[in-house]
Amino acid sequence: FGKDSDLRRWGIKLAERGGKNAKKRAKVAVARKLAVLLHRLWVTGEVYEPLGYQSRRLEDATPQAEARAAAVAEPTDPSTTAATAAA
């Protein structure tokens with residue numbers, strides 16, 4: 001049901017406590033919390049980095065991961081590459 005995250009853990013904990021409608025309430029609560037978070041990021045222009053993101057990035061610093069990061073950082077559009085080389 002998706003990757004492990006703080007939001008997922010919070011929703012599971014919320015669903016475990018409560019009565020027969022706990023799962024329904026947890027779905028609505030997680031959706032609302034996610035909507036508030038996304039709205040806040042949109043309004044402020046911040047970039048979301050989950051807790052522990054920095055340490056996971058350092059652990060994933062394998063040569064393959066570094067190659068992927070370099071490939072993403074490089075422009076792939078030929079017109080952009082030519083404009084950058086000419087400057």
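Structure's up top.
All of these numbers come straight from a predicted model, not from anything done at the bench.

Caption draft 1: Region of the structure containing the overall build of the protein. Looking only at helices and strands, one finds five helices and zero strands in the protein. Listing each helix as α and each strand as β along the protein from the N terminus yields α-α-α-α-α. Expressed as a percentage of its 87 residues, the buried residues of the protein come to 7%. Total accessible area on the protein is roughly 7,900 Å²; 60% of this is exposed by carbon and sulfur atoms.

Caption draft 2: Region of interest: a positive patch on the surface. Residues Lys-20, Lys-23, Lys-24 and Lys-27 make up a contiguous surface patch of positive charge. Residue class for Lys-27 comes out exposed when judged on its relative accessible area of 64%.

Caption draft 3: Representation of a nonpolar patch on the surface. Among the surface-exposed residues, Leu-34, Leu-37, Leu-38 and Tyr-48 lie close enough to one another that they form a single nonpolar patch of about 370 Å² accessible area. Checked against the element boundaries, Leu-38 lands in helix H2 (residues 22–44).

Caption draft 4: Here's a closer look at the pattern of salt bridges. Under the counting rule described, the total for this entry stands at one salt bridge. Between Asp-4 and Arg-9 there is a salt bridge, with the nearest N and O atoms lying 2.5 Å from each other. Here Asp-4 falls in the partly exposed class, since its relative accessible area comes to 45%.

Caption draft 5: Representation of the environment of Val-30 within the structure. Among the secondary structure elements, Val-30 is positioned in helix H2. C-alpha separation for the pair Val-30 and Leu-7, spaced 23 residues apart in sequence, amounts to 7.1 Å. Residues contacting Val-30, with those up to four places away along its chain left out, are Leu-7, Trp-10 and Gly-11.

Caption draft 6: Representation of H2. With 23 residues, H2 ought to run about 33 Å at 1.5 Å a step, and its terminal C-alpha atoms sit 33 Å apart, in line with that. Listing the buried residues of H2 in full gives Ala-22, Ala-26 and Leu-41. Positive backbone phi, at 80°, marks Gly-45, one or two positions downstream of H2.

Caption draft 7: The arrangement of the packing of helix H1 (residues 6–16) against H2 in detail. Packing of H1 against H2 brings their axes to within 8 Å, and their N-to-C directions diverge by 155°. Between H1 and H2, the interaxial angle falls into the category roughly antiparallel. Here H1 runs over H2; the crossing is right-handed. Contacts between H1 and H2 involve Leu-7, Trp-10, Gly-11, Leu-14 and Ala-15 on the former and, on the latter, Ala-22, Lys-23, Ala-26, Ala-29, Val-30, Lys-33 and Leu-34. Residues that form the contact of H1 with H2 fall into these classes: nine nonpolar, one polar and two charged.

How each quantity is defined
Within every chain, residues take consecutive numbers counted from 1 along the sequence as written. Residue-level local features of this predicted model are given only where pLDDT is at least 70; pairs of side-chain atoms are given and counted only at 80 or more, and the full residue set underlies all totals for whole chains, interfaces and linings. Computation of side-chain values: all heavy atoms of the structure, hydrogens and water removed. The helix count covers DSSP runs of H or I at least four residues long, the strand count covers runs of E at least two residues long, and both are numbered beginning at the N terminus. A 1.4 Å probe rolled over the protein chains alone gives each residue an accessible area, and that area as a share of the maximum for its type sets the label: buried under 20%, exposed over 50%, partly exposed in between. For accessible areas, the Shrake-Rupley method is used with a probe of radius 1.4 Å. Any residue's cover is judged against the shown protein chains and nothing else. Exposure above 30% relative accessible area and the lack of any salt bridge qualify a residue for a patch; like charges then connect within 9 Å, and the nonpolar side chains Val, Leu, Ile, Met, Phe, Trp and Tyr within 5 Å. By salt bridge we mean one thing: a side-chain nitrogen of Lys or Arg within 4 Å of a carboxyl oxygen of Asp or Glu. Note on charges: Lys and Arg go in the positive column, Asp and Glu in the negative column, and His and the chain ends are not counted at all. Charge positions come from single atoms, namely NZ of Lys, CZ of Arg, CG of Asp or CD of Glu. It only takes one pair of heavy atoms within 4.5 Å for two residues to be counted as in contact. Working rule for helices: expected span equals 1.5 Å times residues minus one. The convention used is that axes are lines fitted to C-alpha atoms, helices contributing only their stretch in contact, and that angles between N-to-C directions extend from 0 to 180 degrees. By the definition adopted for this analysis, an angle is roughly parallel if under 35 degrees, roughly antiparallel if over 145, roughly perpendicular if from 65 to 115, and oblique otherwise. Left-handed is the label given to a crossing in which the near helix is rotated counterclockwise from the far helix by less than a right angle, and right-handed is the label when the rotation is clockwise. When residues are sorted by character, Ala, Val, Leu, Ile, Met, Phe, Trp, Tyr, Cys and Pro go into the nonpolar class, Asp, Glu, Lys and Arg into the charged class, and all the rest, Gly among them, into the polar class.

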